[in-house]
Amino acid sequence: MLRIWKITSILAAAACLLLGTSAYADSDEASMGMGVSPVMQLAVNGKLIAGIQPVWDASMADEIVPLRPVAAAMGMTVGWDRKDGAVVIDTFGAPVITDRSVKLPVLIGGKQAPADINAAVVNGIAMAAAKPLAKALDADTAMNGNTLQFTSHAALKEFDAENRAVDDVFNGVGLTPHIAADGTKEFTLTAGLHAWEPEKGVEAAAWTFNGQAPGPTIRVKQGDHVRITLVNNLPEPTTVHWHGQTVPNAMDGVPDITQPPVESGQSFVYDFTVRSSPGTYMYHSHYDDMMQVGSGLYGAFIIDPKDGAGAPEYDHDYTYLLSGFSINSPIGSEEDDYTMDGRSYPYTPDIVVKQGETVRIRLINIDTMEIHAMHLHGMNFRVIAKDGQPSDDKQEMNTLLIGPGETYDIAFTADQIGTWMFHCHMLDHTMHPDGTMAGLVSLVKVLPD
Ligand SMILES: [Cu+2]
């Protein structure tokens, strides 16, 4: 969404402004009456803006921040409109600094903003007071430790809108197929770039199927004929691999080995009969894997028994896809926000059951690199399947090591009342660097019957 702002100059109508992204230099500090906090950082929707320090301005009783990187992080761009003598926040211009210390009022959508938003130009960088700027940007600000955080209301709304998708993945609700005349179940997976929020107010630049990460669950019966159209709206080629299933070689989704990569703007139809045993599988991109899988291009694929074959054996059936996002770390390095069904604690979906009920959890590790040691407090569980293949191993346990690409189905009877943790025991997967609990943690709430 592009919003247009204008900043007009009172004192320097002829001046051209450089709205730079480089760090604020402190040479004008004395004349501006500002002090630089040596440790303050700036984050927009959870993403740290490198090289930017908010500056405390005593006269405004507010931090001031550079306009351009804040606007850019919210999807807006900044430029200089010479004709109007105004800054228009929708195009990147190539302006030149001529005045280093003017105070500028701001026009938003052509209307004068409250005086308290007055921007200062410091070393060619247009700075604005944080709180009124946030208000004008439809955002909130908060100090979290040493970080000044901007969180846009649009991002918060997006988080709420994602809840349905998370709940469906967690509850194993599959994408609704179109049923062709011959009974074939037809699905469409559209790969595209989309924001996704592992935490409320923390936005990942995700690569998604159908706008969500994880992608929608595909849930079919053994013996079904499926036709899955992959539409590639990504900026680069992609493919889909049906991980763990026996499919015709040409449908296996490996670029340049079983099929040409599906180019940006193109589509490809995967057509196969579901032959693998009923159980828990996954699908994922198999192109530019660290980027594409690491950014969200994966989903659960659940095969149920054929019609008439077996009633559900458990009172509850949940799915957790274990992965993570790189919010402030480079793609390909260790993730810094681990997720269950695309959400980091405390936003992970909880298991809520009654005492005595039986619970099946389908655990899918689609992390690019990390092993997870999932540990249940208060009760033991049993592995009932691995990689979709049933197991009748009676061994009880409370911790299960799950490597990337593995799926395990576990089951237990919820016989202990209370709120119990279910979490990874690689402990850096369960906390943020500041010590708060986050990542691969969910709660199992066992209520009295
Ligand atoms: Cu882990």
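Being a predicted model, the structure only gives us computed values, none of them experimental.

How each quantity is defined
Residues numbered from 1 in each chain as written. Predicted model: local features only at pLDDT ≥ 70, side-chain atom pairs only at ≥ 80, totals over all residues. Helix = DSSP H or I, 4+ residues; strand = E, 2+ residues; numbered from the N terminus. Buried ≥ 20, exposed ≤ 12 C-beta atoms within 10 Å, placed from the backbone. Contact = placed C-beta atoms within 7 Å. Pairing = 2+ DSSP bridges. Axes fitted to C-alpha atoms, helices over the stretch in contact; angles between N-to-C directions. pLDDT = per-residue confidence, 0-100. Core = buried A, V, L, I, M, F, W, Y, C linked by C-beta atoms within 7 Å. Expected span 1.5 Å × (residues − 1). Bend = angle between axes of the 7 residues up to and from the residue.

Undergrad: Can you lay out the overall build of the chain for me, pointing to particular residues and giving the numbers?
TA: A tally of regular secondary structure across the chain gives five helices and 36 strands. Considering the chain as a whole, with its 449 residues, one finds that 43% of them fall into the buried category. Sequence-distant contacts in the chain: of pairs separated by 6 or more residues, those separated by 24 or more amount to 68%.

Undergrad: Which residues make up the sheet that holds strand S4 (residues 47–48), and what values do they have?
TA: Where strands meet in a sheet, backbone hydrogen bonds hold them as pairs that are either parallel or antiparallel. Sheet architecture is open: four strands sit in the order S4-S3-S15-S14, paired in mixed fashion. Single-partner strands in this sheet number two, and they are S4 and strand S14 (139–144). Two strands pair when backbone bridges link them, and strand S3 (residues 41–44) and S4 are joined in this way by two bridges, in the antiparallel orientation. Paired with alanine 43 across the bridge in S4 is leucine 48. Contacts from helix H4 (residues 153–170) reach S14 and strand S15 (147–152), with the element oriented near 65 degrees to S15.

Undergrad: How would you sum up the confidence of the model for the chain? Please name residues and give values.
TA: On average, the chain scores 82 in pLDDT, and the residues at 70 or more come to 79%. Below a pLDDT of 50 lies the segment residues 1–37, which in the model reaches 104 contacts outside its immediate sequence neighbourhood of four places, other chains included. pLDDT under 50 marks residues 107–112. Its contacts with residues more than four places away, or in other chains, come to 13 contacts.

Undergrad: Go over the nonpolar core with me, naming the residues and quoting the values.
TA: Grouped together as the largest cluster of nonpolar side chains are 62 residues, with contacts concentrated most on Met282, Phe301, Leu321, Leu322 and Leu363. Beyond its immediate chain neighbours, meaning those up to four positions away, leucine 321 contacts Val169, Pro214, Tyr298, Ala300, Asp341, Ile364 and Ile366. The next biggest cluster of nonpolar side chains, apart from the first, holds 22 residues, and it includes Leu42, Val65, Ala71 and Ala139.

Undergrad: I'd like a rundown of the sheet that holds strand S21 (residues 240–243), residues and numbers included.
TA: Overall, mixed pairing links the four strands, which are arranged S19-S24-S23-S21 in an open sheet. Each of the sheet's edge strands pairs with one partner strand only, and the pair in question is strand S19 (218–221) and S21. Across this sheet, the average inter-strand angle for adjacent strands is 25 degrees, counted without regard to direction. Bridge count for S21 against strand S23 (residues 279–285) is four bridges, and the pairing is antiparallel. Bridge assignment links tryptophan 242 to a residue of S23, and that residue is tyrosine 283.

Undergrad: Pulling in residues and values, what's your account of H4?
TA: Spanning 18 residues, H4 covers 26 Å between terminal C-alpha atoms, matching the ideal 26 Å at 1.5 Å per step. If you look at H4, its biggest bend is around 30 degrees, right at glutamate 162. Where the residues of H4 are buried, they touch S15, strand S17 (185–199), strand S18 (202–209), strand S24 (298–304) and strand S25 (316–325). A positive backbone phi angle near 70 degrees is found at glycine 172, which sits one or two residues after H4.

Undergrad: Before we move on, can you summarise the environment of asparagine 328 with the specific residues and values?
TA: Examined against the element boundaries, asparagine 328 turns out to sit in the loop between S25 and strand S26 (337–340). As for asparagine 328 and alanine 204, which are separated by 124 residues in sequence, their C-alpha atoms are 9.3 Å apart.

Undergrad: Hey, could you go over the environment of glycine 211 for me, with residue numbers and the actual values?
TA: Its location among the elements puts glycine 211 in the loop between S18 and S19. Placed 18 residues apart in sequence, glycine 211 and leucine 193 show a C-alpha to C-alpha distance of 7.5 Å. Those residues in contact with glycine 211, other than ones at most four positions away along the chain, are Gly192 and His194.

Undergrad: With reference to specific residues and values, describe the pairing of S15.
TA: Summarising burial for S15: five of the six residues are buried, a large majority. Across four bridges, the pairing between S3 and S15 is parallel. Bridged to alanine 43 within S15 is glutamine 149. Two elements, S14 and S15, share six bridges in a ladder whose sense is antiparallel.

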